[in-house]
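An overview of the molecular structure
In case you want the letters, here they are:
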There are 2 protein chains.
Amino acid sequence: MTTSTLVPVFAALGDETRWGILVALGEGDASASALAGRLPVTRQAIAKHLAVLQEVGLVESVRVGRELRYRVLGAQLSEAARRLDRIGAEWDRRLAGIKRIAEEL
Amino acid sequence: MTTSTLVPVFAALGDETRWGILVALGEGDASASALAGRLPVTRQAIAKHLAVLQEVGLVESVRVGRELRYRVLGAQLSEAARRLDRIGAEWDRRLAGIKRIAEEL
DNA sequence: GTTTAATGCAACTATTCGGTTGCAGTAATC
DNA sequence: GATTACTGCAACCGAATAGTTGCATTAAAC
């Protein structure tokens, strides 16, 4: 159960502004400047958030002329979801086992 | 797509120590004091983390004599995973749509 | 080539957060 | 009832973080 790379992903997802960015990017790829026009924070704040999101692989960037466009990587979200679900299921299995043992006493 | 209650859950999951607590609780229910014996932080630090985890519904507590035992709620993890997966799939669908439109130009 | 519009970098601030120590309260146990 | 062992609360500290402003840089557009 390697949670090594998983924890930073959740940390990245644990911020409202970053979700605002992800949702905005869901409408289509956009640059930090473009996003700044839609969200109530400065371009620089958004650039920092995008760096965090890119660091954990939730977005990727592509140069288009003089702008840097960002794209959401939905597959990475699904991957994190899959791993989380397996951990949750494992815990339920163990708890069920513990409960069964307790009831047999 | 109500992410309202979801974001704090991810914030809670974005900390290594809290994962340590969750994993330890996976071995069986335990009190903050008991967990302090297994993890490299003080009982009070663990108590704070447990409060965070309980706040977002990832653990629940039960009084047993003079101790407060905590239990992991794996189903909550799975629920969060399910919601995350749906969001990821939705984004992939949108991106595929955008890509298709772009290719048709 | 000058202008324009984007990104990159740096410094600074306020707040949050993870952690600690210390002590008060409370409920079993003997 | 005194002791023991757990929880609860509060103050404090350092580091990280979310945000800002300001300026330098770079590349397109005219």
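We now turn to the structure provided with this report. Just so we're clear, the structure is a prediction, and the values are computed from it rather than from any experiment.

**Observations concerning helix α2 (residues 16-26) of chain A**
Buried residues of α2 of chain A: R18, W19, I21, L22, A24, L25 and G26 of chain A, and no others. A positive phi of about 145° marks G28 of chain A, the residue just after α2 of chain A.

**Some thoughts on the relation of the copies chain B and chain A**
For the pair chain B and chain A, the relating rotation is 180°, the translation along its axis is 0.0 Å, and the fit reaches an RMSD of 0.1 Å. Given the turn and translation reported, the copies of this chain are related as if by a two-fold rotation axis. No C-alpha of chain B approaches the rotation axis more nearly than that of A81 of chain B, which lies at 2.2 Å.

**Concerning the protein's contact with DNA strand C**
Lining the immediate surroundings of DNA strand C are 21 residues, of which S33 and R43 of chain A together with T42, K48 and H49 of chain B lie closest. Within 4 Å of the protein, the contacting atoms of DNA strand C are 52% sugar and phosphate, with bases supplying the remainder. Take K48 of chain B: an N or O atom from its side chain is 2.3 Å from a base oxygen of DNA strand C. No other element matches the four residues that helix α4 (residues 43-55) of chain B contributes to the surface near DNA strand C. Split by residue class, the surface near DNA strand C holds four nonpolar, eight polar and nine charged.

**Regarding the sheet that holds strand β2 (residues 59-64) of chain B**
Residue and element names in this part refer to chain B. Strand order in this open sheet of three strands is β1-β3-β2, and the pairing throughout is antiparallel. Two strands bound the open sheet, and with one partner strand each, they are β1 (30-31) and β2. Bridge analysis of β2 against strand β3 (residues 67-72) gives six bridges, and the strand direction is antiparallel. Considered in β3, the bridge of V64 is made with E67. Most of the contacts of helix α2 (residues 16-26) go to β3, to which it runs at about 95°, and overall it touches β1, β2 and β3. Across the sheet, α4 touches β2 and β3, and the angle it forms with β2 is around 120°.

**Looking at the packing of aromatic side chains**
Geometry of an aromatic ring pair is reported as the spacing of the ring centres plus the angle between the planes. Enumeration according to the criterion identifies five aromatic pairs over all chains in this entry. Consider the rings of W91 of chain A and W19 of chain B, whose centres lie 6.2 Å apart with planes at 20°: the pair is stacked. Linking W91 of chain A in helix α5 (residues 74-104) with W19 of chain B in helix α2, this pair reaches from one chain into another. By relative accessible area, which is 2% here, W19 of chain B ends up buried. One aromatic cluster is present, built from ring pairs that chain together F10, W19 and W91 of chain A together with F10, W19 and W91 of chain B.

How each quantity is defined
Within any chain, residue numbers begin from 1 and follow the written order of that chain's sequence. For naming, the first written chain is A and the first written ligand is 1, with later ones following in the order written. Confidence filtering applies because this is a predicted model: local features only for residues at pLDDT of at least 70, side-chain atom pairs given and counted only at 80 or more, and all residues used for totals across whole chains, interfaces and linings. Only hydrogens and water are set aside; all other atoms, that is, all heavy atoms of the structure, feed into the side-chain values. Partly exposed describes any residue whose relative accessible area lies between the buried limit of under 20% and the exposed limit of over 50%, with all areas from a 1.4 Å probe on protein chains only and scaled to the type maximum. In this description a helix means any DSSP run of H or I spanning at least four residues, a strand means any run of E spanning at least two, and both kinds are numbered starting from the N terminus. Superposition of the copies used a least-squares fit over C-alpha atoms from residues whose pLDDT is at least 70 in both. Residues are labelled near a given molecule or strand when at least one of their non-hydrogen atoms is within 4 Å of it. In protein, a polar contact means a hydrogen-donor-capable atom and an acceptor-capable atom, both N or O and within 3.5 Å, with residues adjacent in sequence counting only if both atoms are side-chain atoms; elsewhere, any N or O pair within 3.5 Å suffices. In this classification, Asp, Glu, Lys and Arg are treated as charged, Ala, Val, Leu, Ile, Met, Phe, Trp, Tyr, Cys and Pro as nonpolar, and every other residue, Gly included, as polar. Pairing between strands is defined by DSSP: at least two bridges between the two strands are required. Whether two residues touch is decided by their heavy atoms; if any such pair falls within 4.5 Å, the residues are in contact. As a rule, the C-alpha atoms of each element are fitted with a line to give its axis, helices using only the stretch in contact, and angles between N-to-C directions run from 0 to 180 degrees. Note on ring pairs: Phe, Tyr and Trp rings are taken, using the six-membered ring of Trp, and paired if centres are within 6.5 Å. Classes follow the plane angle, with under 30 degrees stacked, over 60 edge-to-face and the rest tilted.

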